[in-house]
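The chain contents come next:
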Amino acid sequence: MPRRVLFIAALHHPEILLQERRAAPDATRSPLFPSSMGQHFWELAFRNAGYELDVFWRNLPGYGSRNISRLRTAVYRNRWTPGRVGAALLQRLPPRWQPDLLRRNQLLLAQAQRFQPDIIWLSGDNREILPDTLARLKREHDCALIYVTGVSPIVFSQAIERAAAPLYDLVLVNDYYHGVPWLELGAKRMECLPYVAIDPEVHIPQPVTDAPDAHLCDVGFVGTLLPNNLYSERVAALESLRDFDLGIWSMHEAPASLRSFQRGSALGLTMMQTLSSVKISINVHGDFMRYGGNMRLFECAALGSFQLVDDRPGVHEWFRDGEHLVTYSDHADLREKVRYYLAHDEERERIAAAARAHVLAHHRYDQRLARVEALLGEE
């Protein structure tokens, strides 16, 4: 009998998922996650390995319709809005005073009872699922609980996430430094895979000849720039390059200093076209990722995009500096290397090609899944 995995996650970009579900040729293979979310690639890896999958959307309301068409993609702006104020106040209420949250937990238990999971895959930033609910899931289904996060528990985690840490059989992190605090909070095991990787059938370099003119630039960046307290190093690095042919793509607002360089958002195929088209991709980790290992690190490599990356320990663990990518130490070094590699096309293209071959050989999602299976087997 195939093993069953129940994803518990918050749905982002619901409009993309609805579009991709309509386009799916086979209803039985209709996607659970939109291709703009990293969980999509884990979904494909699990399916290809013969697992049965289901998902519980924890950010859908507990009462009323749970149709995903009710959700809207959140766009971050550097200002307070009534919605942000309301959400912040609601998070401060004890769970017993939040009937809708309690209802979501009841719905999860009922869904798990129907599905009978062997593995619970809980995505980070969990604001809804209570420790008592997770304990009951483990007790009733004798399932493994995997907690998957790309951020630091010191900076980002919710109180209910920290309280549930002793229930986590395995915590998967990108950044090694994020994993250690989860062990201190009581998690049984932590592994820095990192859990992001590439899918050879999806992450395919796009022809530059197909790119709109707006996607053609010397130096490009795709990602989030706000709030400043989380991405100040990223913003400062890009500010140092404003006299170059710079393009920025973000679904969120850009700070005023960089707004004139923003050329739109880039998700899914648009993201792949953008990264395939720029001559140099700038990859600066968030301020909270001191070890490194963001999703773009591997995506850029798979798309044949030459990248200049801020110097982080994990970058050197997974790639060879000067062979698969190039790191920089400060803004003067970044500017000097931008100038150098814009003037040396063949060297830039050779490094980008080597990076693609490297991730195809060593950083695929099927390989990550095999490691997770081994870890669970050891448990």
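Here the structure is shown first, and the text comes after it.
Model, not experiment: these values are computed from the prediction. (Residues numbered from 1 in each chain as written. Predicted model: local features only at pLDDT ≥ 70, side-chain atom pairs only at ≥ 80, totals over all residues. Heavy atoms only, no water.)

Enquirer: Lay out the overall build of the chain with the relevant residues and their values.
Expert: Secondary structure summary: the chain contains 14 helices and eleven strands in total. Compactness check: the chain gives a C-alpha radius of gyration of 21 Å against a globular reference of 21 Å for 379 residues, within 12% of the reference. The principal-axis extent of the C-alpha atoms belonging to the chain is close to 60 × 45 × 45 Å. Surface summary for the chain: the accessible area is close to 16,700 Å², and the carbon and sulfur share equals 51%. Across the chain, 43 positive and 46 negative side-chain charges occur, with their mean positions spaced 7 Å apart. (Helix = DSSP H or I, 4+ residues; strand = E, 2+ residues; numbered from the N terminus. Rg over C-alpha atoms; globule rule 2.2 N^0.38 Å. Areas by Shrake-Rupley, 256 points an atom, 1.4 Å probe, with all protein chains shown as cover. Lys, Arg positive; Asp, Glu negative; His and termini not counted. Charge placed at Lys NZ, Arg CZ, Asp CG, Glu CD.)

Enquirer: Break down empty space enclosed by the protein for me, with residues and values.
Expert: Applying the stated rule across the entire model yields one cavity of 30 Å³ or more. The volume enclosed by the largest cavity comes to roughly 40 Å³. If you trace the largest cavity, you find it lined by Asp125, Tyr147, Thr149, Val151, Ser152, Pro153, Phe156, Ser157, Glu161 and Trp182. For the lining of the largest cavity, the residue count by class is five nonpolar, three polar and two charged. (1 Å grid on protein atoms, 1.4 Å probe; cavity = no way out; pocket = protein on both sides within 12 Å on 5 of 7 lines; lining within 4 Å. Points joined across faces, edges and corners; volume = space filled by probe spheres on them. Nonpolar A, V, L, I, M, F, W, Y, C, P; charged D, E, K, R; others polar.)

Enquirer: Give me the lowdown on the sheet that holds strand E4 (residues 144-149), citing residues and values where you can.
Expert: Overall, parallel pairing links the six strands, which are arranged E2-E1-E3-E4-E5-E6 in an open sheet. Strands with a single pairing partner mark the edges of an open sheet, and in this sheet they are strand E2 (52-57) and strand E6 (190-192). On average, adjacent strands in this sheet sit at an angle of 20° to one another, irrespective of strand direction. In terms of strand pairing, strand E1 (residues 4-9) meets strand E3 (residues 119-123) through four bridges, oriented parallel. (Pairing = 2+ DSSP bridges. Axes fitted to C-alpha atoms, helices over the stretch in contact; angles between N-to-C directions.)

Enquirer: Any chance you could break down the layout of surface pockets for me, citing the residues and the numbers?
Expert: Empty space within the second largest pocket amounts to approximately 400 Å³. Taken together, 16 residues form the lining of the second largest pocket, with Ala24, Arg29, Pro31, His40 and Leu44 sitting closest to its centre. Mapped by element, the contributors of at least two residues to the lining of the second largest pocket are helix H1 (14-23) and helix H2 (39-48). For the lining of the second largest pocket, the leading source of residues is H2, giving five residues.

Enquirer: Give me the packing of helix H4 (residues 99-115) against helix H5 (residues 131-141): which residues, what numbers.
Expert: Direction vectors running N to C along H4 and H5 enclose 15°, while the axes themselves pass 11 Å from each other. Classified by the interaxial angle, the pair formed by H4 and H5 is roughly parallel. Read as a crossing pair, H4 and H5 show a hand that is right-handed. Residues Asn105, Leu108, Leu109, Ala112 and Gln113 of H4 lie in contact with H5, whose contacting residues are Thr133, Arg136, Leu137, Glu140 and His141. Considering only residue class, the contact of H4 with H5 consists of four nonpolar, four polar and two charged. (Parallel < 35°, antiparallel > 145°, perpendicular 65-115°, else oblique. Left-handed = near helix turned anticlockwise from the far one by under 90°. Contact = heavy atoms within 4.5 Å.)

Enquirer: An account of helix H9 (residues 268-277) is requested, with residue identities and associated values reported.
Expert: Of all ten residues in H9, eight are buried; the element is thus mostly enclosed. All buried positions along H9 are accounted for by Gly268, Met271, Met272, Gln273, Thr274, Leu275, Ser276 and Ser277. (Buried < 20%, exposed > 50% of the residue type's maximum accessible area, 1.4 Å probe, protein only.)

The values reported here are purely geometric and, on their own, carry no functional implication.
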